[in-house]
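# Breakdown of the fold
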Number of protein chains: 2
Amino acid sequence: MTETSKSPLTGNLYEIPTLREGDRDVIEEFLTRNDEKPVVVVQGLGFVGSVMSLVCANAISADYAVVGVDLPSRESFWKIGSFREGILPVISTDPKVSAFFENARSQGNHLATFDNFVYSVADFVIVDVNLDVSKNSSKEGELINFDVDLGAFEKAIKTIADFCKPGVLIIVETTVPPGTCENVILPIMTKGFASRGFSKDAFKIGHSYERVMPGPNYIDSIQNFYRVYSGINQESADATEVFLRSIISTDNYPLTRLKNTNSTEMAKVLENSYRAMNIAFMVEWSRFAEEAKVDLYEVVNAIRMRDTHKNMMLPGIGVGGYCLTKDPLLASWSRQKIFNSKHSLSQSEQGVRINDQMPFFAYEFLLQKLNSLGRVMKGLKVLLLGVSYRGDVGDTRYSPVELFCKLLISAESKVYAHDYFVKYWEETSISVDNDIQSALDSDFDILVFTTLHSGYRSNRYLMETLERKSGLVVFDTIGLMTGDELEKIKCKHHLLILGNGD
Amino acid sequence: MTETSKSPLTGNLYEIPTLREGDRDVIEEFLTRNDEKPVVVVQGLGFVGSVMSLVCANAISADYAVVGVDLPSRESFWKIGSFREGILPVISTDPKVSAFFENARSQGNHLATFDNFVYSVADFVIVDVNLDVSKNSSKEGELINFDVDLGAFEKAIKTIADFCKPGVLIIVETTVPPGTCENVILPIMTKGFASRGFSKDAFKIGHSYERVMPGPNYIDSIQNFYRVYSGINQESADATEVFLRSIISTDNYPLTRLKNTNSTEMAKVLENSYRAMNIAFMVEWSRFAEEAKVDLYEVVNAIRMRDTHKNMMLPGIGVGGYCLTKDPLLASWSRQKIFNSKHSLSQSEQGVRINDQMPFFAYEFLLQKLNSLGRVMKGLKVLLLGVSYRGDVGDTRYSPVELFCKLLISAESKVYAHDYFVKYWEETSISVDNDIQSALDSDFDILVFTTLHSGYRSNRYLMETLERKSGLVVFDTIGLMTGDELEKIKCKHHLLILGNGD
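Residues numbered from 1 in each chain as written. Chains lettered and ligands numbered in written order. Predicted model: local features only at pLDDT ≥ 70, side-chain atom pairs only at ≥ 80, totals over all residues.

## Re the interface of chain B and chain A
- At the interface, 43 residues of chain B touch 43 residues of chain A.
- Elements with a contribution of two residues or more to the side of chain B that touches chain A: α9 (261-291), α10 (296-303) and α12 (346-372) of chain B.
- Taken together, the residues that form the side of chain B that touches chain A break down as 22 nonpolar, 10 polar and 11 charged. (Contact = placed C-beta atoms within 7 Å. Helix = DSSP H or I, 4+ residues; strand = E, 2+ residues; numbered from the N terminus. Nonpolar A, V, L, I, M, F, W, Y, C, P; charged D, E, K, R; others polar.)

## Digging into the relation of the copies chain B and chain A
- When chain B is fitted to chain A, the best match, at an RMSD of 0.0 Å, comes from turning it 180° and sliding it 0.0 Å along the axis. The operation mapping one copy onto its partner corresponds to a two-fold rotation axis. When C-alpha distances to the rotation axis are compared across chain B, the minimum falls at Asn 311 of chain B, with a value of 3.5 Å. (Least-squares fit on C-alpha atoms with pLDDT ≥ 70 in both.)

## Remarks on the environment of Leu 330 of chain B
All names here are of chain B.
- With respect to the element layout, Leu 330 can be found in helix α11 (residues 327-337).
- Accessibility expressed as a C-beta count within 10 Å gives 27 for Leu 330, which makes it buried.
- Separated by 184 residues in sequence, Leu 330 and Phe 146 place their C-alpha atoms 9.7 Å apart.
- Beyond its immediate sequence surroundings of up to four residues, Leu 330 is in contact with Val 133, Val 148, Thr 175, Pro 177 and Val 269. (Buried ≥ 20, exposed ≤ 12 C-beta atoms within 10 Å, placed from the backbone.)

## Regarding the domain arrangement of chain A
All names here are of chain A.
- Splitting chain A by domain gives domain 1 (38-132 + 142-259) and domain 2 (275-497).
- Once you take the C-alpha centre of each, domain 1 and domain 2 turn out to be 33 Å apart.
- If you look at the interface, domain 1 gives 15 residues, while domain 2 gives 19 residues.
- Ranked by the residues each element gives to the side of domain 1 that touches domain 2, the list is headed by strand β8 (residues 143-148), at 3 residues. (Domains from an automatic or database assignment.)

## Focus: the pairing of strand β11 (residues 227-231) of chain A
Residues and elements named next belong to chain A.
- Counting buried positions along β11 gives 5 out of 5 residues, so the element sits mostly inside the fold.
- Alternating residues of β11 divide into Arg 227, Tyr 229 and Gly 231 and Val 228 and Ser 230, and every residue in both groups is buried.
- For strand β10 (residues 203-207) and β11, the ladder comprises 2 bridges, and the chain directions are antiparallel. In the strand pairing of β11, His 207 is matched with Ser 230.
- With 3 bridges joining them, β11 and strand β12 (residues 255-257) adopt parallel strand pairing. Residue pairing across strands places Arg 227 opposite Leu 255, the latter belonging to β12.
- Regarding the hand of the β-α-β motif, the stretch spanning β11, helix α8 (residues 234-247) and β12 is right-handed. (Pairing = 2+ DSSP bridges. Right-handed = clockwise from strand over helix to strand, strands pointing away.)

## Side note on the sheet that holds strand β18 (residues 494-497) of chain A
Residues and elements named next belong to chain A.
- Read from one edge to the other, the open sheet built from 6 strands follows the order β15-β14-β13-β16-β17-β18, with strand pairing classed as parallel. The sheet is open, and its two edges are formed by β15 (432-433) and β18, each paired on a single side.
- Relative to β18, strand β17 (residues 473-476) is paired through 4 bridges, and the arrangement is parallel. Within β18, the position partnered with Asp 476 by the bridge is Ile 497.

## Focus: the sheet that holds strand β9 (residues 168-172) of chain A
All names here are of chain A.
- Spatial ordering of the open sheet is given by β5-β4-β3-β6-β9-β10-β11-β12, a layout of 8 strands whose pairing is mixed. Looking at which strands have only one partner, the edges of the open sheet turn out to be β5 (110-113) and β12. Each neighbouring strand pair of the sheet contributes to a mean axis angle of 25°, computed without reference to strand direction.
- The sheet contact formed by β9 and β10 spans 5 bridges and is parallel. The residue bridging Leu 169 from the neighbouring strand is Lys 204, located in β10. (Axes fitted to C-alpha atoms, helices over the stretch in contact; angles between N-to-C directions.)

## Re the environment of Glu 36 of chain B
- Structurally, the position occupied by Glu 36 of chain B is in the loop between α1 (24-33) and β3 (39-43).
- As a C-alpha pair, Glu 36 of chain B and Ala 65 of chain B span 29 residues in sequence and 8.9 Å in three-dimensional space.

Next comes the structure, spelled out in structure tokens:
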């Protein structure tokens, strides 16, 4: 029986080819068409790799033949199928993304495949595969323990080691535990090349982590943004620099070279740990603000006037996405397992531990307020506005709304959701309406703002609905409503605002 | 016998007058000279009050008669004596400070006194007295427990309540536990005024915390900087706003009014807790960087290219000064004692706990490196460059250099110190040389950079000394030396750099 892979974006089904069939003819035809162009293979077609492949195909000062590679699996093949049909495997509000895709299609210098044959013709391989942390958490979201499984990542590197030709430059963009290039990738490459009779000087390895932000500046977060890079040796660093200059506006966003790959690997997990910790820091304060009847949004905005305090975070429902929820753990794991320290990065781990529980705190807050109104969760109809982990993005990976939603369901409330960008919420069984009017026309007792999509801001239909209905519980977990809006509706509804003293 | 108060800046002795003598004649003569001018009393002539009194005497859009008040005690009277002799009781590299003082002296609208009589003529009282946290710490600096003693602060407020005339506006600048204006100051004022037959509407209370930075921008940190303010009622907030507009460039630095005094009180301790926590966060990472042989300064500077990460801190010897070392504790105390929460602000407390131990970590680092060189601390001569808690400032309050120095002494090394601004290091018995050449000409085995005074940066005599001598241990705890400088001297000395992998 033929296996299929289903796109969560469109619902389209794609038949997964068997490896035996291969894709060599397609690749060779593509190469003939793109004769003489250096070949860039992007390994992994997720949120980073998909768009990275478009940026390479639209390089600023080079003309590359770009091939995106992913696995012929149920989870991944739909991305290849989509690309080939002319459908992007990511949803984006950034018009540059589709413009770049259209341009690559008309130039004919972009291909998606599953066939490892392509590595043998690659001049550059950009590693954008995932490296996951598996967490074991309580149903309130509390992290009990975690582990880093390098297996899939090592396998991806081994493919490169087994297929690539001498002279290849591998640029690792994946967020890895510090020490990975030197201690994991280099040995695999050396062994693979040696087994094929090549010397260990026959490849170069650079590390330059991405700072991709899916959303309205998706392309610019690669093409027009600062980059840090390094190499396992001088030659690798130099070659990485040359490649980065060909795809990034380095005149406006100068590159920073660090001394070794440990340093750039550490930079990435440090910058995300910094952010995670700064979010976690506000959790206690938002509870203190509740107790002191202080509007923490107002306070934080006042403090942010200071340049030195601009990065202070606001209270919210939680932290999601692929990076902040795991990168501090990658770092702590590395310290202990790669650098054999007796110590973890306990504060950074604690940041993740606190952030993971934020949706539970928001749920508890709602529960307490309901109880004080003499009501119970059971049987109430709840409309969630937004399921993405971040505003104006269609990305539910590790969305804090997920735990919040599951807690509501286990309290036997009935949950509906709206999101502008998410059609199928894979992580839950909740159906997601993409039409805000129809969502608001439904019957609900509690309205919860869960994602900061700009469509919700000053939304006329939303305000009209709130002015028409009465007796709702309106729970703003993300500081979306303005003071004026709150003023307008506060006599008709019971307003709850996280970190606001209400 | 007459008691005296000694200036730590000049060594001058001032006879402390008895309260019976009073100062009324001087005050009345001052008022006659400044007829019709509204009277501003600044309570407390420390690092904030002294300079605040000068800013008020040089108000942008008002003409005030300004009286600074402090206690006729051994610890404080020298400030009054100094002011009267024409000597500022603070050392500053900011030329505006002495210009403002000269101007006030020539205008004759600035006076310092100890006589509470002055409160009875005050239109405005600015509260700049200290509110201290007493810490009980181990000799390694680890915080065991702490307490907030409101006693002295309450006494200062009681003086206002007992002497001030109806109509007075009290503006609290002191950093207080959130809730203090409403729960501590207001009751004292109400009681004091009631006992004298005045109503509780006869006074106004505003809260507007200072963001004073002793150093090269001392005056501007008051006159040209953002302010947050509030009042115990609308009238108080309005009056506070009017006063602040008269002394601050609010066109360039707009004021922010918050809803109540709890909010502004929380804003102050939150902004300092944020900073303390961000410093503490880097401690673990700098140890991780050591283990991974990564230069954390280089990494942090690379990350700081991002606007969202500009506030990331660098590793260092520790945190000092009057604010960051206690404000998170004030907040945590308030949560529990004023707002009766079962919870502390554990993360913020943890920030202080970690920061307090940073000098011990730096000392341990030095010790370990010495041991690995086969040497012991005992008998070695150590020169510390800088004893202030902050660069270009003559302020040793809670300087991290203090614990570092004490640990060196208890290991029986011989410690000398240089500082450009500190003459007497009250907290230790160490003599401080103010002349960098003579300090460098002395005999030492270990040179430690402990304060980031700009005089040490690219100091030619310092570099020449290091190029001339050999076999020193040079320990940079604050990232002062440039890569080029390190290159130049590394063959002659053993270099240690905190958070650098060396």
